[in-house]
Amino acid sequence: MTFEKKILLEKPEEQERSSVSIMLRKVFQAIKLRYKTQFTLIMGLVVLVIILEILTKIPRLSDPFYSYKIGASYASNLPPSWDFWLGTDTGSHDIFVMILHGTRNSIYFGIGCALLSTTLAILLGVFGPFVGGKADTLSSFITNIFMVFPQLPFIFFIASLMKTRSWVTVMIIIGSFSWPWAARSIRSQVLTLRERNFIKVSKMSALGNMRIAFSEVVPNVLTYILLVFCISFGIGIITEAGISMLGLGDQGQNFITLGFVMWYHEPYNMSPHYYNIWISPGIVLVLIYLVFFVIQSSFINTFNPRTRENK
Amino acid sequence: MKSIETNILEEEDSQTKTSLIKQRTTTQKFISNSFLRLVVTKLIFYFIIFFIAISLAFLIPRLVPGNPLDYINQLGSTGLPPSYQEQIRTYMEQLFGLDQPIWVQYWRFLEAFFLHGDFGLSIDLDTPGQPVMDLILPTLPYTLMVAIPTLIITFFLGNLIGAWVGYNETKPRKVIYYIVLTMGAAPFYWFAYVLATIFITQLQLFPPLSTSVPNFAWDWAVLEQIFSHFWLPLILLIMVNTGGWSTGARSMMIYERGSGYILYSQKLGFKESKLRKYAYRNSLLPQFTGLNMNFNNIIGQTLILEVVLNWPGLGKVMIDAFSINDYAMIIGTFVIVIFIIVIGNFLIDISYGLLDPRIRIGGQEG
Amino acid sequence: MVEEIIRIENLTKRYISGIIKQKETYGALDVSFDIKRGEILSLVGESGSGKSTVANMILRLLKPTMGNIILLGKNIKEYKIKKYYENVQGIFQDPYSSYNFFYKVDHVLNQAISHSLSWVDIAEKERIISNTLEIVGLRGTETLGRFPHQLSGGQLQRILLARCLLFKPRLLIADEPTSMVDACARAEILNLLKKLKDKSGISVLFITHDIGQAQYISDRVIVMKKGEIVERGPTNDVFLNPKNDYTQNLLASVPSIYRKWA
């Protein structure tokens, strides 16, 4: 009886909500059930972002470019100490505070990038085959072209031509170039799913193509989609840092990323006396990347090779 | 019902295939109809990509706010009365053909490139008025001599490590695997500084970054100098790119290790080394499709590294051109980079066609 | 009163492959038949003979190259999708792949009921679902709220049948519904189809490669080979006096316990 009661209790709620929210909730619950570890890891990252957000709101840490003074003189070029955990640079800026801001913004940047490229990958990889016909041919042609399109040089090219570059434009440029491999792998999954019977069953319930794509196909390629998200996140952060380091990023001081911190401290590079300044942003980048790599490989483990039928 | 369709087709194909193969001589077998078809379709495909890319290279500077000439005007005409400025401007516009409608400009651009290989003149103050092509071409070998060995070495090294770990997952093997992966995770431009510090400042194995690389000449001393600078970018690119291959190779190897034919051969009592070879070969083939993406990445990485490690390749010229808004140079370097990537991808696809027996020997229609 | 439910005229499905050298294959070629009210028609043939292609075309999952399908005197192209599926429903061979493993088995039933009976309230829907499950011989407490992998193939197939019944269809297309379930469930499903035909007057297009099943269940039989109909007629006529060579071969290949050694 318990099952029936549960169903009876749940039902009236569903009636009131729109069908989209029901679908979203179902999908969310299904994710939680199936991807427990990954879910915890991602939640951990959300907590990290919240902590960083709170830390950067503390007055002492709120301005990355605040020039600190000790007594009457500026605290320039100090080695790491209790007051300045990673020391200061010539302009008396606290390196630790800069990296704190840089980390937070780099994570936001990566998330933005990943959202954009994942959305594009889903659009071309899932909805292309589902709309079918010309749209399908077109989407696969676009994917094939972008696949071999020289992304990094093109990103440089566009970035160099823009006189003023905000971080949003850099994000859009990177995000809109790093999806093709993802679209292709999602697409190949969707093509095998499209022939499964449950898609036919849904069609016989007179559901629309878009709705089937969203509620039946997307949950099944979710592992791929989340994997794509993680990888695009990594690509986004690393590429942005590379572009910023060459001086082709957002050079305003409102949104400093780890790449900006590297670019800002370029003169210190390779200097044996200032390891604290030039090594630390890179180490933070490696750490972020590794965390995402762990998440990503836990996803890969869920692709049990034994279950790769239909290939 | 695509599945039914393909099933039916495959059945028929396999019948015609056997009869076709019998008729062919060995030379015909090697370069088959379907191989030729692959070459032709790939040529057309990459030409389309190249065309789109150079069209974008033409179009984007004209869409981005700010005229290409503004910068030159700023240099040359500040302090002059406005009427003179206007005159200079119209003269310059006529000189560069900017007063023409955009499609005429486009046509001229294509004509100049395809017929004469000409992108215009550089405005760099060190080399004013030189044809861009003459400045770019000497840098090309430097980029390629780093990028191509990297591509080949990382492919085999990464797959070997991955397969080695995947075949027998012992602890020391896993440790090596994770070290390789962590190196791949490092942002390469930053890693370049770290490596440079270790190898140049601390160990003093290579010449300092500030010393410039001499121009190429058939002279032993010059070559030695060039190669002393050459190792660092190569080692770095290999370290960074090996990890990506080994993840793929490892999971492929785990898959192959558990597959039916290996288990069966094990039961039959095949030699361990033979099994390993079979599994390695089969796990390698799907990896080839990743070469295209990897080649693109390596070229991009080389471009950045050249700036960081002061290696006189295409990237250095490109970034220098960015910093002084040398438009002809920016477009020229960009088109040349695309050209390299497109040619590289084409060659990779063709060699994949040579490796894959289904394409090489042929028989599949459509 | 004998009423025609569906009439199929010259149904053809052609596949073209190859860009330069084109090759044609036919999934179905010039297939025509009709199904009357309260009749079970069997479509018999080896695998690859185009039975499923015909089924998919009738279910509008595949577009025919040529030919018409006329449901209740109206071409199916004139039907709206929703209206059409209230009249024609189908179940497939593999019950496991008919479920999205992401959701509980209720998902297919809810999908069906929210589109066929969207106006009724929750309690009523509950009642309808459990009634329908009873018809197919299942109890809601045993099946609802479970995931597909927790149930047996027979149970899953019967839930799918219940799903079809929610639409109150006039024609049920059963595409080898018994070939992937165990022997016990097989008999139950066959009897269920018979019961549906007798009690509710649902017509069934029963697709199978098993001649025994076809003989047991159907009123009329159509034998297909390579997309074409080779023989048709009342069950006993076809199976007792086969005229076509192919049908004779098919019958001869059925293993028989009681056949005497000559």
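Residues numbered from 1 in each chain as written. Chains lettered and ligands numbered in written order. Predicted model: local features only at pLDDT ≥ 70, side-chain atom pairs only at ≥ 80, totals over all residues. Heavy atoms only, no water.

A. Local environment of the pairing of strand 7 (residues 171-175) of chain C. All names here are of chain C. The buried count for strand 7 comes to 5 of 5 residues, which makes it a mostly enclosed element. A two-sided burial pattern is seen for strand 7, the buried positions comprising L171, I173 and D175 on one face and L172 and A174 on the other. Judged from the 5 bridges that link them, strand 7 and strand 8 (residues 203-208) form a sheet pairing that is parallel. Following the sheet pairing, L171 is matched in strand 8 by S203. (Buried < 20%, exposed > 50% of the residue type's maximum accessible area, 1.4 Å probe, protein only. Helix = DSSP H or I, 4+ residues; strand = E, 2+ residues; numbered from the N terminus. Pairing = 2+ DSSP bridges.)

B. Just unusual backbone geometry, in detail. At Q204 of chain B, a position not held by glycine, the phi torsion is positive, near 55°. Here Q204 of chain B shows up in the loop between helix 10 (188-202) and helix 11 (220-257). Unlike most non-glycine residues, R60 of chain C shows phi in positive territory, near 60°. Its place among the elements puts R60 of chain C in the loop between helix 1 (51-58) and strand 4 (66-71).

C. Focus on the confidence of the model for chain A. All names here are of chain A. Scored by pLDDT, chain A comes out at a mean of 78, with 85% of its residues at no less than 70. Overall, residues 1-17 carries pLDDT values under 50, and its contacts beyond four positions in sequence, including any with other chains, amount to 18 contacts. Scored below 50 in pLDDT, residues 304-311 makes 11 contacts in the model with residues more than four places away or belonging to other chains. (pLDDT = per-residue confidence, 0-100. Contact = heavy atoms within 4.5 Å.)

D. Spotlight on the pairing of strand 8 of chain C. Within strand 8 of chain C, 6 of the 6 residues are buried, leaving the element largely enclosed by the surrounding structure. The parallel pair strand 7 of chain C and strand 8 of chain C, bridged by helix 7 (residues 183-200) of chain C, forms a crossover whose chirality is right-handed. (Right-handed = clockwise from strand over helix to strand, strands pointing away.)

E. Up close: a positive patch on the surface. Taken together, the side chains of K271, K274, K277 and R281 of chain B make up a positively charged region of the molecular surface. Secondary-structure assignment places K277 of chain B in helix 13 (residues 272-284). (Patch = residues over 30% accessible without salt bridge, like charges linked within 9 Å, V, L, I, M, F, W, Y side chains within 5 Å. Areas by Shrake-Rupley, 256 points an atom, 1.4 Å probe, with all protein chains shown as cover. Salt bridge = Lys/Arg side-chain N within 4 Å of Asp/Glu carboxyl O. Lys, Arg positive; Asp, Glu negative; His and termini not counted. Charge placed at Lys NZ, Arg CZ, Asp CG, Glu CD.)

F. Looking closely at the interface of chain B and chain A. Each partner contributes residues to the interface: chain B has 54 residues there, and chain A has 44 residues. Where chain B abuts chain A, roughly 4,400 Å² becomes buried across the two surfaces, and 79% of that area is made up of carbon and sulfur atoms. The largest contributions to the chain B side of the interface with chain A come from Y189, W190 and Y193 of chain B, which together make up 15% of the buried area. In this assembly, chain B and chain A are joined by 0 salt bridges. Put simply, chain B and chain A have 6 residue pairs in polar contact (both at pLDDT 80 or more) between them. Secondary-structure elements contributing two or more residues to the side of chain B that touches chain A are helix 1 (2-23), helix 3 (33-63), helix 9 (171-185), helix 10, helix 11, helix 14 (291-308), helix 15 (314-323) and helix 16 (327-355) of chain B. Sort the elements by how many residues they give to the side of chain B that touches chain A and helix 3 of chain B lands first, with 10 residues. Among the residues forming the side of chain B that touches chain A, the class breakdown is 38 nonpolar, 15 polar and 1 charged. (Buried area = accessible area lost by both parts, 1.4 Å probe. Polar contact = N/O pair within 3.5 Å; in protein donor to acceptor, adjacent residues only side chain to side chain. Nonpolar A, V, L, I, M, F, W, Y, C, P; charged D, E, K, R; others polar.)

G. Up close: the packing of helix 10 of chain B against helix 11 of chain B. Residues and elements named next belong to chain B. Contact pair helix 10 / helix 11: the axes reach a minimum separation of 10 Å and the direction vectors enclose 130°. Regarding the angle of helix 10 to helix 11, the classification is oblique. Pair helix 10 / helix 11 crosses with right-handed handedness. Between helix 10 and helix 11, the contacting residues are F188, F191, A192, L195, A196, F199 and I200 on the first element and L232, L236, M239 and V240 on the second. When the residues that make up the contact of helix 10 with helix 11 are grouped by side-chain class, the tally is 11 nonpolar, no polar and no charged. (Axes fitted to C-alpha atoms, helices over the stretch in contact; angles between N-to-C directions. Parallel < 35°, antiparallel > 145°, perpendicular 65-115°, else oblique. Left-handed = near helix turned anticlockwise from the far one by under 90°.)

H. A look at helix 7 of chain C. All names here are of chain C. Across its 18 residues, helix 7 extends 25 Å between first and last C-alpha, which sits within 8% of the 26 Å expected from 1.5 Å per residue. Among all positions of helix 7, only A185, I189, L190, L192, L193, L196 and K197 are buried. Axial view of helix 7: buried residues confined to an arc of 155°, hence all on one face. In helix 7, those exposed residues whose orientation departs by more than 90 degrees from the buried face are A183, C184, D198 and K199. Positive backbone phi, at 70°, marks G201, one or two positions downstream of helix 7. (Expected span 1.5 Å × (residues − 1). Arc of directions from axis to C-beta.)

I. Expanded view of the side chain of D89 of chain A. Residues and elements named next belong to chain A. Note that D89 resides in the loop between strand 2 (73-74) and helix 5 (95-131). A polar contact of 2.7 Å, which involves the side chain of D89, links it to the side chain of H265. Among all residues touching D89, those that are not within four sequence positions of it are A75, S76, N77, I95, M98, Y264, H265, Y268 and I277.

J. Structural view of the side chain of S98 of chain C. Within the secondary structure, S98 of chain C sits in the loop between strand 6 (88-91) and helix 3 (106-116). Of the polar contacts made by the side chain of S98 of chain C, one reaches the backbone oxygen of D94 of chain C; its length is 3.0 Å. In this view, S98 of chain C contacts N197, F198 and V201 of chain A together with F92, V108 and L160 of chain C; residues no more than four positions away in its chain are not counted.

K. Molecular detail of the sheet that holds strand 3 (residues 40-44) of chain C. Residues and elements named next belong to chain C. Spatially, the 6 strands line up as an open sheet ordered 6-7-8-3-9-10, and their pairing is mixed. One side of each edge strand has no neighbouring strand; the edge strands of this open sheet are strand 6 and strand 10 (228-234). In this sheet, neighbouring strand axes are inclined to one another by 15° on average, regardless of whether the strands run parallel or antiparallel. The pairing of strand 6 with strand 7 spans 4 bridges and is classified as parallel. Opposite G90, over in strand 7, you have I173 as the bridge partner.

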